[in-house]
Amino acid sequence: MEFLPLNKWIPNLKKPLVIAGPCSAETEEQILTTAHALKNIEDVRILRAGVWKPRTRPGTFEGVGTKALAWMAKAKEETGLLTCVEVATPSHVEKALEFGIDILWIGARTSVNPFAVQEIADSLKGTNIPIMVKNPINADLSLWMGAIERIHNAGINKLAAIHRGFSTLDEPRYRNRPFWRIPIELKHKLPGLPVICDPSHIAGDRNLIAEVSQKAMDVDMDGLMIETHPNPDAAWSDAKQQVTPSSLSDIVGGLSLRTEFSPNRGFESALEGLRDQIDRVDNILLESLKSRMEIVEKIGAAKSSNDVTPLQIHRMEKMMKSRLEIAKQLGLPEKYVKEIYEIIHVESVKRQTQIMNTFQTDKESE
Ligand code: PEP
Ligand code: MN
């Protein structure tokens, strides 16, 4: 899949691209007030708002609908910000296009459903309007990639992914678990695809948005989508996670942006030297693991000849205790060393079992 770089479809792009605006469009005044406050924040290029809201329970606020599209168009005219809204059906697409909305996003409750994504994709044919695809609510990278592929197959190359975290039952800290390895893997699998982080829906709490945003920058994401409201506590949806435009400005201003390469040659060569050292240490580590495994194999053969089980729990406990003592003396974290030794031990027992089974089969066939 080929993607048009972000700077080819977002004029005057700076890193990070910031998309901000309320969870939901509520009133014309709220949209215009937000847009005017946002236009003064340098990195904000796009105004977002939910017009049709996918709510968990019926009877809660489900968005003001089509009339908000006219407010978005007015906000764009007055501030020059680009506009973006969530679409979940072909009729949403049709209405958003009619009102000249610049960018559409597919929400997490829609990207989870291939039928719905395909219908949207079909309705986009011939438009090449930029589309951002949020990750599906469950942690399934293929499903996310499938949604992106369906939109790409409809002839859209102005595409971005939005990482908004994954719904699980066990997360005490965040509303949706980030599982950073998933968006990182997405970047590897679809090179050139811009990935934007939505810290608001990950955090679910405005006090955690700065830390999630920083993490997104540290893993080299291209932008942030942050829910912003003039009076967050009074918001009609997602009140706890929205921030004021002035907090948004602090959050964005407080980010430390690291780049993959530094123009400082001294630093780059020092880094290369340290990486060489790491490579050497890793070689020694791997050689040691190989020697260890060879000894394990000898033990397996000896145990087999003497009818002793591969797993001897006392030996395991004694070994773990002594390794943890050494680790402590060396100043290594106990949990880290314990986890490594558990993996090493499982693999050793597995190898011994394999050897004993081979011995057994040989004996039987004799
Ligand atoms: C939203 O952006 O307000 C929204 C509904 O997001 P998500 O699809 O990520 O839940
Ligand atoms: Mn929201």
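Going along each chain's sequence as written, the residues are numbered from 1 onward. A letter from A marks each chain and a number from 1 marks each ligand, given out in the order of writing. Only residues with pLDDT of at least 70 are given local features in this predicted model, and only at 80 or more are side-chain atom pairs given and counted; all residues enter the totals for whole chains, interfaces and linings. Note that the side-chain values use all heavy atoms of the structure and ignore hydrogens as well as water.

J.: Break down the sheet that holds strand β6 (residues 159-163) for me, with residues and values.
T.: Judged by pairing direction, the barrel is parallel, and its 8 strands sit side by side in the order β1-β2-β3-β4-β5-β6-β7-β8 before closing back on the first. Neighbour-to-neighbour, the strand axes of the sheet open up by a mean angle of 30°, direction not taken into account. Pairing between two strands is assigned when DSSP locates at least 2 bridges connecting them. Here a strand is any run of E in DSSP of at least two residues, a helix any run of H or I of at least four, and the numbering for each starts at the N terminus. Note: β6 against strand β7 (residues 195-197), 3 bridges, orientation parallel. Across the sheet, the residue bridging to His-163 is Cys-197, located in β7. Here a residue-residue contact requires only that any non-hydrogen atoms of the pair lie within 4.5 Å. For every element, the axis is a line fit to its C-alpha atoms; helices are fit only across the contacting stretch, and the angle between N-to-C directions ranges from 0 to 180 degrees. Packed onto the sheet, helix α2 (residues 67-79) meets β2 (44-49) and β3 (82-87) and runs at close to 160° relative to β3. Of the strands in this sheet, β7 and β8 (223-227) are in contact with helix α9 (residues 209-218), which crosses β8 at around 165°.

J.: Before we move on, can you summarise the pairing of strand β1 (residues 17-21) with the specific residues and values?
T.: Most of β1 sits out of view: 5 of its 5 residues are buried. Each residue is assigned to one of three classes by its accessible area relative to the maximum for its type, calculated with a 1.4 Å probe on protein chains only: buried under 20%, partly exposed between the two thresholds, exposed over 50%. Residues Leu-17, Ile-19 and Gly-21 point to one face of β1 and Val-18 and Ala-20 to the other, with burial holding for every one of them. In this structure, β1 lies alongside β8, joined through 5 bridges in parallel fashion. Note on β8: the bridge partner recorded for Ala-20 is Ile-226. Judged from the 3 bridges that link them, β1 and β2 form a sheet pairing that is parallel. Bridge pairing links Ala-20 to Leu-47 in β2. Every crossover in which the path from the first strand over the helix to the second runs clockwise, viewed with the strands pointing away from the viewer, is termed right-handed. With respect to chirality, the unit in which β1 leads through helix α1 (residues 28-39) into the neighbouring parallel β2 is right-handed.

J.: Could you give me a rundown of the layout of surface pockets, with the residues and numbers involved?
T.: Method remark: on a 1 Å grid restricted to protein atoms, a set of points is classed as a cavity if a 1.4 Å probe fits but cannot get out and as a pocket if it is open with protein on both sides within 12 Å along at least five of seven lines; lining residues have an atom within 4 Å of a point. Grid points are joined across faces, edges and corners, and a volume is the space filled by probe spheres set on the points. Each pocket or cavity is described by its volume, and for the largest pocket that value is around 440 Å³. Breaking the lining of the largest pocket down by element, the ones donating at least two residues are α11 (265-305), α12 (313-330) and α13 (334-365). Take the lining of the largest pocket: its biggest share by element is 5 residues, from α13.

J.: Mind laying out the coordination of the manganese ion (ligand 2), listing which residues take part and the relevant values?
T.: Coordination shells were defined by N, O and S atoms within 2.8 Å of each metal, extended to 3.2 Å for Na, K and Ca; water is absent from the atom set, which can make sites look incomplete. Surrounding the manganese ion (ligand 2) are the protein donor atoms Cys-23 (SG), His-201 (NE2), Glu-227 (OE) and Asp-238 (OD), at 2.1 to 2.4 Å. Spacing between the donor residues of the manganese ion (ligand 2) along their common chain follows C-x177-H-x25-E-x10-D. Within this pair, whereas Cys-23 is found in the loop between β1 and α1, its partner Glu-227 is found in strand β8, the two being separated by 204 residues in sequence. The class of Glu-227 is buried, set by a relative accessible area of 1%.

J.: Give me the packing of aromatic side chains: which residues, what numbers.
T.: Pairing of aromatic rings covers Phe, Tyr and the six-membered ring of Trp, with a centre-to-centre limit of 6.5 Å; geometry is then stacked below 30 degrees between planes, edge-to-face above 60, and tilted otherwise. Counted by the stated rule, this structure contains 3 aromatic pairs. Ring geometry for Trp-144 and Phe-166: centres 6.4 Å apart, planes at 75°, overall edge-to-face. In this pair, Trp-144 is assigned in helix α6 (residues 141-153) and Phe-166 in the loop between β6 and α7 (181-189), connecting sequence segments 22 residues apart. The exposure class of Trp-144 is buried, given its relative accessible area of 0%. Between Phe-166 and Phe-179, the aromatic rings sit 6.0 Å apart at their centres with planes inclined by 35°, giving tilted as the arrangement. Taken as a pair, Phe-166 in the loop between β6 and α7 and Phe-179 in the loop between β6 and α7 lie far apart in primary sequence, 13 residues in all. Grouping residues by exposure puts Phe-166 and Phe-179 together as buried. Site record: aromatic cluster; members linked through ring pairs are Trp-144, Phe-166 and Phe-179.

J.: Help me get a handle on the domain arrangement of the protein chain, residues and values and all.
T.: Often, the extent of an interface is quoted as the loss of accessible area on bringing the components together. Segmentation of the chain into domains, including their bounds, is taken from an automatic or database domain assignment. Parsing the protein chain into structural domains produces domain 1 (6-253) and domain 2 (264-365). Placing the centre of domain 1 and that of domain 2 at their C-alpha centroids yields a distance of 46 Å.

J.: Tell me about a negative patch on the surface, and please be specific about residues and values.
T.: A contiguous patch of negative charge, built from Glu-272, Asp-276, Asp-279 and Asp-282, is present on the exposed surface. Inspection of the secondary structure assignment puts Glu-272 in helix α11. Patches were defined on residues exceeding 30% relative accessible area and lacking a salt bridge, with like-charge contacts within 9 Å and nonpolar side-chain contacts (Val, Leu, Ile, Met, Phe, Trp, Tyr) within 5 Å. Shrake-Rupley sampling with a 1.4 Å probe provides the accessible areas, and residues are treated as covered by the protein chains on show and by no other component. By salt bridge we mean one thing: a side-chain nitrogen of Lys or Arg within 4 Å of a carboxyl oxygen of Asp or Glu. His is not counted, nor are the chain ends; Lys and Arg add positive charge and Asp and Glu add negative charge. Taken as the charge centre is NZ of Lys, CZ of Arg, CG of Asp or CD of Glu, depending on the residue.

J.: Account for the pattern of salt bridges, naming residues and giving values.
T.: As enumerated under the stated definition, the model contains 18 salt bridges in all. A salt bridge links Glu-42 to Lys-14, with the nearest nitrogen and oxygen atoms 2.8 Å apart. Of this pair, Glu-42 sits in the loop between α1 and β2 while Lys-14 sits in the segment before β1, and the two are 28 residues apart along the sequence. Overall, the relative accessible area of 59% leaves Glu-42 in the exposed class. Its relative accessible area of 40% is what places Lys-14 among the partly exposed residues. Here Lys-338 makes a salt bridge to Glu-342, at a shortest N to O gap of 3.5 Å. Separated by 4 residues within a single helix, Lys-338 and Glu-342 lie in helix α13, roughly one turn from each other.

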